[in-house]
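# Summary of structural features
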Amino acid sequence: ANFGSNSRPMVIPLASGRPPFPTSLLTLEWSVVELLILGDSIAIGVAAALQILHFGGCDVLARNGASVGSIAAMAPSIGYRQVVVSAGSNDRLSPSRARDLVTLRRKLWGAKVTWIYPRQPTPAWDVYRVARRFGDRTVDIKSAGSRDGVHPRSDIAVARAILFQADRANFQQSRWRSVGGTMR
């Protein structure tokens, strides 16, 4: 894989045929090829970090410098159970960013989506509004520090935060099921 290429999306099928490696005491629902990492260069780093953490497998559709519109164009027509999206960092001045985020989210029908907030405040607020509108989870990369004002200093810390969110959601879902309720 060429991590520096901007010409086409990087597609890395990481599915190895083995079940996911448990990352905590709680069991993740994600299994091989049920997870898609979608987005820009931050998504590339998070995907690599998930590999380092020995997290089963996932599909990756990401490109360095990708705008929200180009990420929406990359979004696959097949459904995934879980999607992690990093979008908005390369659209600081785009007037269509908010609309493109909604278009992107609508393409991810049926998926449980986790958004990675961009470090810049205005794009982060746009991502927040879309995540809230669709009831999605979010991860803030500010606590991971930054090496350049855009990318997290530690992709591993962001990957762990994403896995923590998934663990917490799975715990809440199993709790709801155990008392006969339903999740919305």
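Residues numbered from 1 in each chain as written. Predicted model: local features only at pLDDT ≥ 70, side-chain atom pairs only at ≥ 80, totals over all residues. Heavy atoms only, no water.

## A closer look at the packing of aromatic side chains
With the rule as written, the count across this model stands at one aromatic pair. Between the aromatic rings of Trp125 and Tyr128, the centroid separation amounts to 5.4 Å while the plane-to-plane angle is 85°, which identifies the pairing as edge-to-face. Note that Trp125 and Tyr128 are positioned in helix 4 (residues 121–134) at a spacing of three residues, about one turn of the helix. Tyr128 sits in the partly exposed class, given a relative accessible area of 30%. (Phe/Tyr/Trp six-rings, centres within 6.5 Å; stacked < 30°, edge-to-face > 60°. Helix = DSSP H or I, 4+ residues; strand = E, 2+ residues; numbered from the N terminus. Buried < 20%, exposed > 50% of the residue type's maximum accessible area, 1.4 Å probe, protein only.)

## With respect to the packing of helix 3 (residues 97–107) against helix 4
At their nearest, the axes of helix 3 and helix 4 sit 10 Å apart, and the two run at 35° to each other. The hand of the helix 3/helix 4 crossing is right-handed. Of helix 4, the residues touching helix 3 (which contributes Arg97, Ala98, Leu101, Val102, Arg105 and Arg106) are Thr122, Pro123, Asp126, Val127, Val130, Arg133 and Phe134. Here the residues of the contact of helix 3 with helix 4 are counted per class, giving seven nonpolar, one polar and five charged. (Axes fitted to C-alpha atoms, helices over the stretch in contact; angles between N-to-C directions. Left-handed = near helix turned anticlockwise from the far one by under 90°. Contact = heavy atoms within 4.5 Å. Nonpolar A, V, L, I, M, F, W, Y, C, P; charged D, E, K, R; others polar.)

## What about helix 3?
For helix 3, the full list of buried residues reads Arg97, Asp100, Leu101, Val102, Leu104 and Arg105. As for helix 3, its buried residues are in contact with strand 2 (35–39), helix 2 (68–74), strand 4 (82–86), strand 5 (112–117) and helix 4.

## Description of helix 1 (residues 41–52)
Compared with the 16 Å implied by 1.5 Å per residue over 12 residues, the 17 Å span of helix 1 between its first and last C-alpha is a close match. The element helix 1 is largely enclosed, with a buried count of nine among its 12 residues. Sitting at the head of helix 1, Asp40 places a side-chain oxygen 3.1 Å from the backbone nitrogen of Ile42. (Expected span 1.5 Å × (residues − 1). Polar contact = N/O pair within 3.5 Å; in protein donor to acceptor, adjacent residues only side chain to side chain.)

## Describing the confidence of the model for the protein chain
Low-confidence regions, as indicated by low pLDDT, have predicted coordinates that should not be scrutinised in detail. Per-residue pLDDT for the protein chain has a mean of 76; in total, 71% of the residues score no lower than 70. Overall, residues 1–33 carries pLDDT values under 50, and its contacts beyond four positions in sequence, including any with other chains, amount to 80 contacts. Across residues 171–184, where pLDDT falls below 50, the model places eight contacts with residues more than four positions away in sequence or in other chains. (pLDDT = per-residue confidence, 0-100.)

## Brief notes about the environment of Arg147
Assignment of secondary structure puts Arg147 in the loop between strand 6 (137–140) and helix 5 (155–178). Not counting chain neighbours up to four residues away, the residues in contact with Arg147 comprise Pro152 and Arg153. Of the polar contacts made by the side chain of Arg147, one reaches the backbone oxygen of Pro152; its length is 2.7 Å.

## Brief notes about the environment of Asp40
In this fold, Asp40 is placed in the loop between strand 2 and helix 1. The exposure class assigned to Asp40 is buried, which follows from its relative accessible area of 0%. Taking the C-alpha atoms as reference, Asp40 lies 8.7 Å from Val68; in sequence the two are 28 residues apart. Setting aside chain neighbours within four positions, we find Asp40 in contact with Ala62, Arg63, Ala66, Ile71, Ser86, Ala87, Gly88, Ser89 and Asn90. In this structure the side chain of Asp40 is engaged in a polar contact, spanning 2.7 Å, whose partner is the side chain of Ser86.

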